[in-house]
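Chain residues, written in single-letter form:
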Amino acid sequence: MLDLLIPLSLAAAFGALLGSLCRLTRWPGRDRPLLFTLVGLVAGITAFFIHLVLNWVTGAPAWWLPVLVVLQVWLWLGPLGPRRGLDRQRK
């Protein structure tokens, strides 16, 4: 169990750090700053489980985990992020 808990917590912490860094670099949506950290946290956890499945199926190397965390945070805060601009135009 500890073999899974330590990498999971490290991936979640790294995702939260990346989410906070995205907020500090002034990406759109600064009006809700906690959202960046939470999205980064969830993206890190999701990337860990994706890496776990890839490791089980294909024997993926360990260095893929940080790459997957970075890609998940970028996707969820960038192109696949919430559409806040459209909501403001409708009001």
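The present account deals with the structure reproduced in this document. Computed from a predicted structure; not experimentally measured.

## Focus: the environment of Val69
Step number 1: Turning to its location among the elements, Val69 is positioned in helix H3 (residues 64-77).
Step number 2: Taking the relative accessible area as the measure of exposure, Val69 reaches 1% and is therefore buried.
Step number 3: Sequence spacing of Val69 and Leu18 is 51 residues, and the spatial spacing of their C-alpha atoms is 8.7 Å.
Step number 4: Every residue in contact with Val69, bar those within four places of it in the chain, is listed here: Ala11, Phe14, Gly15, Leu18, Gly44 and Ala47.

## Details of a nonpolar patch on the surface
Step number 1: Taken together, the side chains of Leu4, Leu34, Leu38, Leu41, Val42, Ile45, Phe49 and Leu52 make up a nonpolar region of the molecular surface, amounting to roughly 660 Å² of accessible area.
Step number 2: It is helix H2 (residues 33-58) that contributes the most residues to the nonpolar patch, seven residues altogether.
Step number 3: Assignment of secondary structure puts Leu34 in helix H2.

## Thoughts on H2
Step number 1: Here H2 is 26 residues long and its end C-alpha atoms lie 37 Å apart, about the 38 Å a rise of 1.5 Å per residue gives.
Step number 2: What H2 keeps buried is the set Phe36, Val39, Gly40, Ala43, Gly44, Ala47, Phe48 and His51.
Step number 3: Buried residues belonging to H2 abut helix H1 (2-24) and H3.
Step number 4: Count one or two residues on from H2 and you reach Gly59, which has phi positive near 75°.

## Quick word on the packing of aromatic side chains
A ring pair, where both rings are aromatic, is described by two values, the distance of the centres and the angle of the planes.
Step number 1: For the structure shown, the criterion picks out two aromatic pairs.
Step number 2: On the numbers, 5.4 Å between centres and 70° between planes, the contact of Phe48 with Phe49 is edge-to-face.
Step number 3: Assessed through its relative accessible area of 5%, Phe48 is described here as buried.
Step number 4: The exposure class assigned to Phe49 is partly exposed, which follows from its relative accessible area of 44%.
Step number 5: Ring centres 6.1 Å apart and planes at 85° place the aromatic pair Trp63 and Trp64 in the edge-to-face group.
Step number 6: Owing to a relative accessible area of 58%, Trp63 belongs among the exposed residues under this scheme.
Step number 7: For Trp64, a relative accessible area of 31% corresponds to the partly exposed category.

## Notes on the packing of H2 against H3
Step number 1: Closest axis-to-axis distance for the H2/H3 pair is 8 Å, and the angle between their directions is 135°. In terms of axis orientation, H2 runs oblique to H3. Classified by chirality, the crossing of H3 by H2 is right-handed. The residues of H3 that touch H2, namely those facing Phe36, Val39, Gly40, Val42, Ala43, Gly44, Thr46, Ala47, Phe48, Ile50, His51 and Leu54, are Trp64, Leu65, Leu68, Val69, Gln72, Val73, Trp76 and Leu77.
Step number 2: Its residues placed into classes, the contact of H2 with H3 shows 15 nonpolar, five polar and no charged.

Reading guide: rules and limits
- Throughout, a residue's number is its position along its own chain's written sequence, starting from 1.
- Given that this is a predicted model, residues contribute local features only at a pLDDT of at least 70 and side-chain atom pairs are listed and counted only at 80 or more, while totals for whole chains, interfaces and linings are drawn from all residues.
- The side-chain numbers reported here are obtained from all heavy atoms of the structure, hydrogens and water having been left aside.
- Secondary structure elements are taken from DSSP: a helix is a run of H or I of four residues or more, a strand is a run of E of two residues or more, and numbering for both begins at the N terminus.
- Throughout, exposure labels follow a simple rule: accessible area from a 1.4 Å probe, protein chains only, divided by the maximum for the residue type, with under 20% read as buried, over 50% as exposed, and the rest as partly exposed.
- Two residues form a contact once any of their heavy atoms are found within 4.5 Å.
- Patch membership requires over 30% relative accessible area and the absence of a salt bridge. Like charges are linked within 9 Å, and nonpolar side chains (Val, Leu, Ile, Met, Phe, Trp, Tyr) within 5 Å.
- A 1.4 Å probe and the Shrake-Rupley method give the accessible areas. Residues count as covered only by the protein chains that appear here.
- One speaks of a salt bridge when a side-chain nitrogen belonging to Lys or Arg is within 4 Å of a carboxyl oxygen belonging to Asp or Glu.
- To estimate how far a helix should reach, multiply one less than its number of residues by 1.5 Å.
- When two rings of Phe, Tyr or Trp (its six-membered ring) have centres within 6.5 Å they constitute a pair, described as stacked for plane angles under 30 degrees, edge-to-face for angles over 60, and tilted for the intermediate range.
- Helix axes are fitted only over the stretch in contact, all axes being lines through C-alpha atoms; the angle between N-to-C directions runs from 0 to 180 degrees.
- Roughly parallel means an angle under 35 degrees; roughly antiparallel, over 145; roughly perpendicular, 65 to 115; everything else is oblique.
- Left-handed describes a crossing in which the near helix is turned anticlockwise from the far one by less than a right angle; the clockwise case is right-handed.
- In this classification, the charged set is Asp, Glu, Lys and Arg, the nonpolar set is Ala, Val, Leu, Ile, Met, Phe, Trp, Tyr, Cys and Pro, and all remaining amino acids, among them Gly, are polar.

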